[in-house]
Amino acid sequence: MNRALMLATPAGEREILAQDLPVRIGAAESADIRLPGAVTGEMIALIGVLDDRLFLQATGSASVPLTLGGEPVTTTRWLNDGDVVAAGALRVACQFTPQATRLSVSYADSGYRTLPPPASEAQSGEAAPISPHRNRLPASREAPRAWRWAIYAGFALLAAVALHLFTARAVRVEVEPAGAAVRLGGSWLPVRIGASYLLRPGSYEVSMSADGYRPLTAPITVTDAPSQALRFTLEKLPGRLAIEAGIDAPLVVTVDGQTAEQSDDGTYPAPAGTRRLIVAADRYLPFETTLEVEGRGLRQQVAATLRPNWADVVLATEPPGASVAVAGQSQGLTPVTVAVPAGDTDVELRKEGYKPWRQRLTVSAGQKLELPLVRLQESDGLLDVKSSPAGAAVTIDGRYRGTTPIELEIAPGRTHEVIVAKPGYETVTRSLQIEKRGAATLSIDLTERLGILRIVSDQEDARLWVNGEARGSANQELSLPAVAQKIEVRKAGFVTFATTVTPRPGFAQRVEAHLLTPQQAVLAATPQTLTTRQGMVLRLVEPGEFTFGAPRREQGRRPNETERPVRITRRYYLGTREISNREYREFKPNHTSGAEKFRQLAVPSHPAVMLSWEDAASYCNWLSDRDELPPAYKLEAGALRLAVPATTGYRLPTEAEWEWASRYNGGGGARRYPWGDNMPPTAGSGNFADQSARGIVPNVLADFNDGFPVSAPVGSFAVSPLGLFDIGGNAAEWVNDIYTVYPTGPEVLVDPVGPASGQYHVIRGSSWRHASISELRLAHRDFGNQGRFDVGFRIARNVD
């Protein structure tokens, strides 16, 4: 600070230096400002300095209320001249002068005052004796006293009624339908004048009912307005539709697209109002109409005329007696008249010794169709082909005819070549003849073709299954048919190894089964990178533990960089580069990134900037929807918050995830800067405030020129040891957390996501506007609540 920070307590006054910040308030022995009472180890608040301004940070674990100017404090608040911080009997007053900032600590006195004794007792010095009849009235006066109490009670009641009437407001309750019964709850004196009530301001409950309507109970609030009107409309009960269709077939009734179930009295319920009614039945055209349903439980007659959706088809054959099948269903023998559904229908005629006759008919509802006489042709010879095992392919004279068992027609009087083949078996070829209208049977026993499989497992006691059948130890040699074989190797505590192999006769094959534990299997199956539909690559980041913040003695350290051990327990994916203008404009086409001031900021390949934290989170939800993932953020109380439980949708990285990934150094310890541990930055290490930015930003790096006065195309500079671009420089980045200052302590923070509420969100990383040691460090923390020319974002995602 430019001014001295002085702490004045009842024990004396001392100066607070930068390395002593933040000032701790609590009941702990190490607290700078002690709460009165026993030592408990509790810290309730911190007072620190940021950008030469004093702030108050509540820890969220106070056993006594913390207030600022009489208002409760739960997050971070700036401190101004004259502010008073209070907690129980503790008071901390803030006084700002040009020379110093003074924190004056005081403790409020407490005690009890007592009333003086009566004058006579005080003068005599001793208490007067108490007589058992001292306060008793004479018997002649006790009865009038009871009447007086009754009169007092009557006056009190009249006063209460008068107070009610004089302070009440006229509230008119109007209900549709008129005449509905209205009951009011919550008032000890509900005075009603016509449709209006005299009610004092407050909350009440009104109940309404009427025949044929659903009862309604609703809360109401009476305000200070002299007259108020409340209007309610009761919902009509459904009507009962009595449908007369004039057919015996079961009806299917739908009202506004919803199926209505038939009631015990044969009617169908329908909501009151204008409704679309459809009445359908099997083999009939549906009846459709729009009607006004009266509702209120009334029975309503509806005449539904259903027209047949079929026609009679007359069939005759020469010779007669052929079986008729319509759409695969038997309909009798010719000559016959059958009812055929309207539309295109397949009709088949069969008679032993004759070839089948098949035809597709187009039938119009209600129009009788009489087909010409069908003359059946005598069939060829019949061949019945069977095989063991069944399912073999049958080819006759080079034309595939189906699989066994099968009955086929073949031309009589000549020789045919029949081939029967099945995978894993030897192919069989036969030659045969058949007489006209004769029949023959060909039965084939197929011979297996075998191959050798050698199964080898790295677990000696693992067990083997072949096509779901247990075969003993996994380490063995098998002779199996030359068809696809499902091989499984199992062992308790390990993920089952499964593969499919087709043995090859004359050639031994080796199957190596490596068994993995469930955890190993998950790790092996998790891809190292993911790619969004926009082409953004996300890299897998393994969990770990590190120290958040920076030590007090580190050059450039700010007071909000308090050290705290952090453990990340879950693997996650992190975008390898920042979201570009091209990608963001697919979400918001008119976004300019501040091109009105710096034209280069709008280049499609440059990072998207001049957007708020809410804009970045909304883009994440939009991208999740586009990639068919559940959204990571839910709208709660008008603000976007991470969904609970967490989803696999795209989100902003948490502050801890960002710092863990950015400071990763391949096992060589945490890095201080994006390029290493020492200043100045190395050539090609990033886009910072360089010589080309002179005149645009107030401070630039000496002897450093990255070639870009403002932002640069994403991914233009060297990657971090984890494969991330622009983790420092180009654009600073919004992260998920709401801003807070973590108190220093040994307790490990596990997967922190920041406080639940607050005014600002955290910004991490340096940008093209930064050149100082403080800003270029990876531990640098910033915050804000609106877009800036140098703040963008990158995305993250949980591992599925």
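Colleague: How would you sum up the overall build of the protein? Please name residues and give values.
Modeller: Across its full length, the protein holds seven helices and 63 strands. For 800 residues, the compact-globule formula gives about 28 Å, and the C-alpha radius of gyration of the protein, at 45 Å, lies well above that figure. C-alpha extents for the protein along the principal axes are approximately 145 × 95 × 65 Å. With 800 residues in all, the protein has 41% of them scored as buried. Of all intrachain contacts in the protein linking residues separated by at least 6 positions in sequence, the fraction that spans at least 24 positions is 54%. Entry remark: accessible area of the protein is about 42,700 Å², with carbon and sulfur atoms responsible for 51%.

Colleague: Hey, could you go over the environment of Ala-242 for me, with residue numbers and the actual values?
Modeller: Position of Ala-242 relative to the elements: it lies in strand S20 (residues 239-244). Residues Ala-242 and Pro-320, spaced 78 residues apart in sequence, show a C-alpha to C-alpha distance of 49 Å. For Ala-242, the residues in contact, after removing those within four places along its chain, are Thr-267, Arg-299, Gln-300, Gln-301 and Val-302.

Colleague: I'd like to hear about the pairing of strand S25 (residues 287-293), residue by residue, with values.
Modeller: In the sheet, strand S24 (residues 273-280) pairs with S25 via seven bridges, with the strands oriented antiparallel. By the bridge assignment, Arg-275 is partnered in S25 with Leu-291.

Colleague: Explain the side chain of Asn-730 to me, using residue names and the numbers behind them.
Modeller: Following the sequence through the fold, Asn-730 ends up in the loop between helix H6 (655-662) and strand S58 (732-738). According to the relative accessible area criterion, Asn-730 is buried, its value standing at 1%. Reaching out from Asn-730, the side chain makes a polar contact with the side chain of Asp-726 at a distance of 3.3 Å.

Colleague: Can you explain the packing of aromatic side chains? Please cite residues and give values.
Modeller: The description of an aromatic ring pair uses the distance of the two centres, along with the angle that the planes make with each other. Across all of its chains, the model carries 21 aromatic pairs by this definition. Each ring, one from Phe-598 and one from Phe-789, has its centre 5.7 Å from the other, and the planes form 80°; the classification is edge-to-face. Linking Phe-598 in the loop between helix H4 (581-587) and helix H5 (613-626) with Phe-789 in the loop between strand S61 (781-784) and strand S62 (791-792), this pair joins segments that are 191 residues apart in sequence. When the ring of Trp-675 is compared with that of Phe-688, the centres are 5.5 Å apart and the planes differ by 75°; the resulting orientation is edge-to-face. Note that Trp-675 is positioned in the loop between H6 and S58 and Phe-688 in the loop between H6 and S58, a separation of 13 residues in sequence. For Trp-675, a relative accessible area of 16% translates into the label buried. Looking at Phe-688, the relative accessible area reads 0%, which means it is buried. Every member of this aromatic cluster is reached through a ring pair, and the members are Phe-55, Trp-78, Tyr-739, Tyr-760 and Phe-783. Note that Arg-53 overlies the ring of Trp-78, its terminal NZ or CZ placed 4.2 Å from the centroid.

Colleague: Pulling in residues and values, what's your account of the sheet that holds strand S2 (residues 12-16)?
Modeller: With mixed pairing, seven strands are arranged side by side in an open sheet as S2-S1-S12-S11-S10-S7-S8. Every other strand in the sheet has two partners, leaving S2 and strand S8 (71-72) as the edge strands with one partner each.

Colleague: If you had to explain the pairing of strand S48 (residues 497-501) to someone new, which residues and values would you point to?
Modeller: With five bridges joining them, strand S47 (residues 485-490) and S48 adopt antiparallel strand pairing. Note on S48: the bridge partner recorded for Gln-485 is Val-501. Here S47 hands over to S48 after six residues, with Gly-493 in that stretch at a positive phi of 90°.

Colleague: Can you lay out the sheet that holds strand S32 (residues 343-350) for me, pointing to particular residues and giving the numbers?
Modeller: What the four strands build is an open sheet, ordered S30-S29-S32-S33; its pairing is antiparallel. The open sheet terminates on both sides in strands that have one partner only, identified here as strand S30 (329-333) and strand S33 (357-363). Neighbour-to-neighbour, the strand axes of the sheet open up by a mean angle of 25°, direction not taken into account. Relative to S33, S32 is paired through seven bridges, and the arrangement is antiparallel. Across the sheet, residue Leu-349 finds its bridge partner in S33, namely Trp-357.

Colleague: So, the confidence of the model for the protein: which residues are in play, and what are the values?
Modeller: Looking at the protein as a whole, the pLDDT averages 87, with 90% of positions reaching at least 70. Per-residue pLDDT stays below 50 along residues 110-143; that stretch engages in eight contacts with residues further than four places along the chain or on separate chains.

Colleague: Which residues make up unusual backbone geometry, and what values do they have?
Modeller: Cis geometry is adopted by the peptide bond preceding Pro-22, which originates at Leu-21 and carries an omega value of -5°. Structurally, the position occupied by Pro-22 is in the loop between S2 and strand S3 (23-26). The omega angle of the peptide bond from Glu-176 to Pro-177 is 15°, so this bond is cis rather than trans. Take Pro-177: it is sitting in the loop between strand S13 (169-176) and strand S14 (181-185). Within the chain, Glu-628 stands out as a residue other than glycine whose phi angle is a positive 60°. Among the secondary structure elements, Glu-628 is positioned in the loop between H5 and strand S55 (633-636).

Colleague: Report on the side chain of Ser-612, specifying residues and quantitative values.
Modeller: As for its position among the elements, Ser-612 is in the loop between H4 and H5. For Ser-612, a relative accessible area of 15% translates into the label buried. Beyond its immediate sequence surroundings of up to four residues, Ser-612 is in contact with Trp-734 and Gly-787.

Colleague: So what about the environment of Asp-615? Which residues, and what values?
Modeller: Structurally, Asp-615 is set in helix H5. Counting along the chain gives 31 residues from Asp-615 to Tyr-584, while the straight-line C-alpha distance between them is 9.9 Å. Residues in contact with Asp-615, not counting those within four places in the same chain, are Tyr-584, Phe-587 and Lys-588.

Colleague: Outline H6, listing residues and values.
Modeller: Of all the eight residues making up H6, eight are buried; the element is thus mostly covered by neighbouring parts of the structure. All of the buried residues along H6 are Glu-655, Ala-656, Glu-657, Trp-658, Glu-659, Trp-660, Ala-661 and Ser-662.

Colleague: Pulling in residues and values, what's your account of the pattern of salt bridges?
Modeller: Evaluation of the coordinates by the stated rule reveals 42 salt bridges. Put simply, Asp-461 and Lys-491 hold a salt bridge, and the shortest N to O gap is 3.0 Å. Here the residue Asp-461 occupies a position in the loop between strand S43 (450-457) and strand S44 (463-466), and Lys-491 occupies one in the loop between S47 and S48, the gap between them amounting to 30 residues. You can call Asp-461 partly exposed: its relative accessible area is 49%. Among the residues examined, Lys-491 registers a relative accessible area of 24% and is labelled partly exposed. Between Arg-582 and Glu-586 there is a salt bridge, with the nearest N and O atoms lying 3.6 Å from each other. Of the two residues, Arg-582 and Glu-586 both sit in helix H4, four residues apart, roughly one turn of that helix. Through salt bridges with shared partners, a single ionic network connects Arg-577, Arg-582, Glu-583, Glu-586 and Arg-626.

Rules used in this analysis
Residue positions are given per chain, counting from 1 as you read along its sequence in written order. With pLDDT at 70 or above as the cut-off, local features in this predicted model cover only qualifying residues; side-chain atom pairs require 80 or more to be listed or tallied, and sums for whole chains, interfaces and linings still use all residues. Hydrogens and waters are ignored; side-chain quantities use all the structure's heavy atoms. Each helix corresponds to a stretch of at least 4 residues labelled H or I by DSSP, and each strand to a stretch of at least 2 residues labelled E; elements are numbered beginning at the N terminus. Between the two quantities, the radius of gyration covers C-alpha atoms and the globule rule is 2.2 Å times the number of residues to the power 0.38. Burial classification: accessible surface area is computed with a 1.4 Å probe over protein chains only, and a residue below 20% of its type maximum counts as buried, one above 50% as exposed, and the rest as partly exposed. The contact rule is simple, with two residues in contact once any of their heavy atoms fall within 4.5 Å. All accessible areas in this document rest on Shrake-Rupley with a 1.4 Å probe, and a residue is counted as covered only by the protein chains that are shown. In this description, strands pair whenever DSSP reports at least two bridges between them. What qualifies as a polar contact is a pair of N or O atoms within 3.5 Å, subject to a donor-acceptor requirement within protein and to the restriction that residues adjacent in sequence count only when both atoms come from side chains. The pairing test for Phe, Tyr and Trp rings, Trp by its six-membered ring, is centres within 6.5 Å, and the orientation test on the planes gives stacked under 30 degrees, edge-to-face over 60, and tilted for anything in between. Each ring is checked for a lysine NZ or an arginine CZ that lies within 6 Å of its centre and within 35 degrees of its normal; such an atom marks a charge sitting over the ring. Think of each axis as a best-fit line through the C-alpha atoms, taken over the contacting stretch in the case of a helix, with angles from 0 to 180 degrees between the N-to-C directions. What pLDDT expresses is the predictor's confidence in each residue, scored from 0 to 100. What counts as a salt bridge is simple: a side-chain nitrogen of Lys or Arg found within 4 Å of a carboxyl oxygen of Asp or Glu.

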